[in-house]
Structure formats: C-alpha cells, structure tokens
Amino acid sequence: MKSRTFGNSGLASSPIGFGTWALSTTQYGKVDLAEASKAIRSALDQGITLFDTAEDYGPFVAEETLGNALEGRRDEATIVTKVGWDYNEAGKNVGRNSNRDYLINRAEGCLKRLKTDCIDLLLIHYRDHDTPIEEPMAAMEQLEADGKIRHHGVSNYNVEMMRACEPHGRIIANQVGYHMFDRRMEKEVLPYCETQAIGFMAYGALAFGLLAGAFSPDTEFADNDWRRNGSTFGLPLFEREHFLKELKVVEKLKAFASDHGRTVAQLAMAWVLSHPAVTVALVGVRNDEELQSNMSAASWELTDSDKSEIDRIFREEDVSTYIDAPQRI
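Residues numbered from 1 in each chain as written. Predicted model: local features only at pLDDT ≥ 70, side-chain atom pairs only at ≥ 80, totals over all residues. Heavy atoms only, no water.

Undergrad: Which parts of the structure should I look at to understand the pattern of salt bridges?
TA: Oppositely charged side chains may form a pair once their charged atoms are brought near each other. Across all of its chains, the model carries 23 salt bridges by this definition. Taking the shortest distance from any N to any O, the salt bridge between arginine 106 and glutamate 55 comes out at 3.1 Å. Taken as a pair, arginine 106 in helix 3 (residues 100–114) and glutamate 55 in the loop between strand 4 (50–52) and helix 2 (61–69) lie far apart in primary sequence, 51 residues in all. Residue arginine 106 is classed as buried on the basis of its relative accessible area, which comes to 16%. In this structure, arginine 183 and aspartate 311 form a salt bridge, with 2.7 Å as the shortest nitrogen-oxygen distance. With a gap of 128 residues between them, arginine 183 in the loop between strand 10 (173–177) and helix 6 (189–195) and aspartate 311 in helix 10 (residues 304–316) connect regions that are remote in the sequence. Accessibility expressed as a relative area gives 8% for arginine 183, which makes it buried. Through salt bridges with shared partners, one network takes in Lys252, Glu309, Arg312, Glu316 and Glu317. (Salt bridge = Lys/Arg side-chain N within 4 Å of Asp/Glu carboxyl O. Helix = DSSP H or I, 4+ residues; strand = E, 2+ residues; numbered from the N terminus. Buried < 20%, exposed > 50% of the residue type's maximum accessible area, 1.4 Å probe, protein only.)

The structure is reproduced here in structure tokens:
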C-alpha cells in the first residue's frame, strides 16, 4: 500500500489503519483477544503500519493487547493513542480531564501498556470544556520535548477548537468519525484540515459494522455493546426505523460492489479514502478474517461516476447522510 503523510509533518501511514476500539471488552460485546493479537501481527505482514488505540478502550485492554502483540516488531508500527479521560479507583470513566500535569501522567501509563519508550502520535481524545486549551497543548508540547511522543494532535475537534490550538502549538492530526452514512465532516472539518495540512484520521469507516455487510433486520446487540442504545455520536443510525432503511441501502451497495468484484466493506473503505483530505481510514478488526476482507480497498480508486451512483442509492432509499447535523463535541 502506498503510504500517506500527515500534512507536512513527515509522519507517514498506510492508508488503512488498524483500529482497536473493537477490542474494548466493555463496549463491543464479546472479544477474543488472542485472535485479535494474531490479526495485529498479520496486519503488519500485509502492509498496515498504523495502529490506533486509546487508554479508554477497555479501559486499558486495547492498549495492553496492542503492546503485547507488537512486542519484537515495534519498529514496524506507527502507534497512535489517546488521553483525556478521568477514571475512578475502579477504573471507570468518570468524565473528561485535560489538565497539563494529569495528561503527562496519563501518557506515562500509555507508554507502559504499549511497551514502548515513545508514542508516534498522541491525541487529546475529546475537548475538555472546563479546562483552557493551553493546558492540554502545554502537556503535549512538554511530552514531545521530553521525547515521550513524536507528534501530537486531537480527536473529535471542530474547526473552532482546532483554531484555538494554533497559538499554543502545532497539531498534525484530527481523528473524527466519517463514513457514507455520516458526512458531517465534509462541511467544515475536512476542508479545514486540507487547507491547514492537518492529517485527517477517519474512524468508523465501516459505520461501526453497518457497512461490513453482516447485519440483518434480526441483528441484536449484546447488553455491553454501545450500539444497543441506537445512537452513534449523535446520529440515530441504530434506532430501529433508521436501521431498517439503512439495511436496504447496504444491500444495494453490496450489489454495486459485487459488480466491481468487491465487497461492500471494501467499497466503504475506498469511499472514505477517496476524499483528498483523508490520511488514513481506520477499520475495527477483531480477527484475521475481518482483516483480509478489507485489505484491497486501498487499491480501489472510485470514479466520479461511482460516487454519483452511491449518492443516487442513498437518495432512492431516502436515507440521510446528515451533512448538516451538528458535530458531537
């Protein structure tokens, strides 16, 4: 796979990144971590270089799994992780916290769990609205100066928030949800990232499983699966009425992909990667079979005609792409 660079930072990545939120045993149903570890090593063998995680995935489970899986092969991988949440003594997430000293301390925990002495890219997971932006930016600048991280960026930030960072340091990336069913980022965030040479990391490229093509009207989510509540980052994608309409779109997208000798998951990944501002499309992978089904998406270059046909399918089924909906921040 031809690599892409985060703006003018020099940090390069495979266009497809391995996302580890799906390894969160408290948020994504049942997970076989041994199979996931095999998939991580297989991803390296097949050219995936970027692995995205966060201390909150579990919490801590995904970082630990990734750190163990990459042992002995750390130099082949670009590691991205995220901080910015507070936890109680039981390890439960209790809210956002981006105070300078707190973030520096949290990063030390990330380093230990990932079994590395330097994180390639550290992101602020969400904007802490109770803390001035100079606090987390000062933490990131200090961690970079101390050699604990190579670069820093943000996640789930809108344009106003990214602009607020500028006087306090250079961010090289913003990681936000982006897929066929959620095009909110096309309105402001993606254009801003492109003009400011900020790398864009698209998470949820498969619409959190919807575009993997495995769901049916009978699909039920486990009690500990976050999709069970119906809402995904402020959008009603898994609420029953919307879900059933979206499945009709997926069936038509499957047929379109099949006509090109591809799967709907490969189509979804290729669609995200077709936007010029996107640096990497993240896909949640839990086993080698899921990994194999997505690998060839990076080589599929969609034409304008292809993308027009995709838009026509959405219009035909009267399914929203939510481009004017507010971003969840």
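Undergrad: When you look at empty space enclosed by the protein in this model, what are you seeing that I'm missing?
TA: Under the definition given, this model contains 1 cavity of 30 Å³ or more. Lining the largest cavity are 15 residues, and of these Gly177, Asp182, Arg184, Tyr203 and Phe233 lie nearest its centre. For the lining of the largest cavity, the residue count by class is 7 nonpolar, 5 polar and 3 charged. (1 Å grid on protein atoms, 1.4 Å probe; cavity = no way out; pocket = protein on both sides within 12 Å on 5 of 7 lines; lining within 4 Å. Points joined across faces, edges and corners; volume = space filled by probe spheres on them. Nonpolar A, V, L, I, M, F, W, Y, C, P; charged D, E, K, R; others polar.)

Undergrad: Sorry, what's going on with the pairing of strand 7 (residues 93–96) here?
TA: Strand residues, when the strand is regular, have side chains that alternate between the two faces of the sheet. Pairing analysis gives 3 bridges linking strand 6 (residues 85–87) to strand 7, with the strands arranged antiparallel. For aspartate 86, the partnering residue across the bridge sits in strand 7 and is glycine 95. (Pairing = 2+ DSSP bridges.)

Undergrad: What exactly am I supposed to notice about the environment of isoleucine 104 here?
TA: Along the chain, isoleucine 104 turns up in helix 3. With a relative accessible area of 18%, isoleucine 104 lands in the buried category. The spatial distance from the C-alpha of isoleucine 104 to the C-alpha of lysine 252 is 48 Å, given a sequence separation of 148 residues. Ignoring sequence-local partners within four residues, the contact set of isoleucine 104 consists of Ala139, Gln142 and Leu143. (Contact = heavy atoms within 4.5 Å.)

Undergrad: Looking at this model, I keep getting lost on helix 10. Mind explaining?
TA: Side chains that are three or four residues apart share a direction in an α-helix, a result of its 3.6 residues per turn. Taking 1.5 Å as the rise per residue, helix 10 with 13 residues should run 18 Å; its terminal C-alpha atoms sit 18 Å apart, in good agreement. Among the residues making up helix 10, those that are buried are Asp306, Ile310, Ile313 and Phe314. Seen from one end, helix 10 has its buried residues packed into an arc of 100 degrees, which puts them on one side. Turned more than 90 degrees away from the buried face of helix 10 sit Asp304, Ser305 and Arg315, all of them exposed. Summarising the contacts, the buried residues of helix 10 are in contact with helix 7 (240–259) and helix 8 (264–273). (Expected span 1.5 Å × (residues − 1). Arc of directions from axis to C-beta.)

Undergrad: Honestly, the layout of surface pockets in this entry has me stumped. Any pointers?
TA: To find leftover empty space, a probe the size of one water molecule is rolled over the atoms. Its boundaries defined by the atoms lining it, the largest pocket holds a volume of some 1,200 Å³. For the largest pocket, the lining is made up of 48 residues, of which Trp21, Tyr28, Phe208, Trp226 and Arg227 are closest to its centre. Elements supplying a minimum of two residues to the lining of the largest pocket: strand 12 (278–284) and helix 9 (288–294). Of all the elements, helix 9 adds the most residues to the lining of the largest pocket, at 4 residues. Taken together, the residues that form the lining of the largest pocket break down as 20 nonpolar, 18 polar and 10 charged. In this model, the second largest pocket occupies a volume close to 240 Å³. Lining of the second largest pocket is provided by 13 residues; of these, Arg4, Leu273, Ala298, Trp300 and Glu301 occupy positions nearest its centre. Of the residues belonging to the lining of the second largest pocket, the class tally is 7 nonpolar, 3 polar and 3 charged.

Undergrad: Honestly, unusual backbone geometry in this entry has me stumped. Any pointers?
TA: A negative phi holds for most residues other than glycine; trans holds for most peptide bonds. For the peptide bond that leads from glycine 58 to proline 59, omega is -10 degrees, which places it in the cis range. A positive phi angle, near 65 degrees, is found at asparagine 156, a position not held by glycine. Summarising the element assignment, asparagine 156 is placed in the loop between strand 9 (149–155) and helix 5 (159–165). One non-glycine residue, alanine 197, lies in the positive phi region at around 55 degrees.

Undergrad: Where do I start with the sheet that holds strand 4 in this structure?
TA: Hydrogen bonds between backbone atoms are what pair the strands of a sheet, whose relative direction is either parallel or antiparallel. Strand order in this closed barrel of 8 strands is 3-4-5-8-9-10-11-12, and the pairing throughout is parallel. Direction aside, neighbouring strands of the sheet carry axes that sit 30 degrees apart on average. Pairing of strand 11 (residues 199–203) with strand 12 involves 3 bridges; the strand directions are parallel. Across the sheet, the residue bridging to alanine 202 is alanine 281, located in strand 12. Relative to the sheet, helix 3 contacts strand 5 (78–83) and strand 8 (119–124), its axis offset from that of strand 5 by approximately 140 degrees. Against the sheet, helix 4 (residues 134–145) contacts strand 5, strand 8 and strand 9, and its axis sits at roughly 160 degrees relative to strand 9. (Axes fitted to C-alpha atoms, helices over the stretch in contact; angles between N-to-C directions.)

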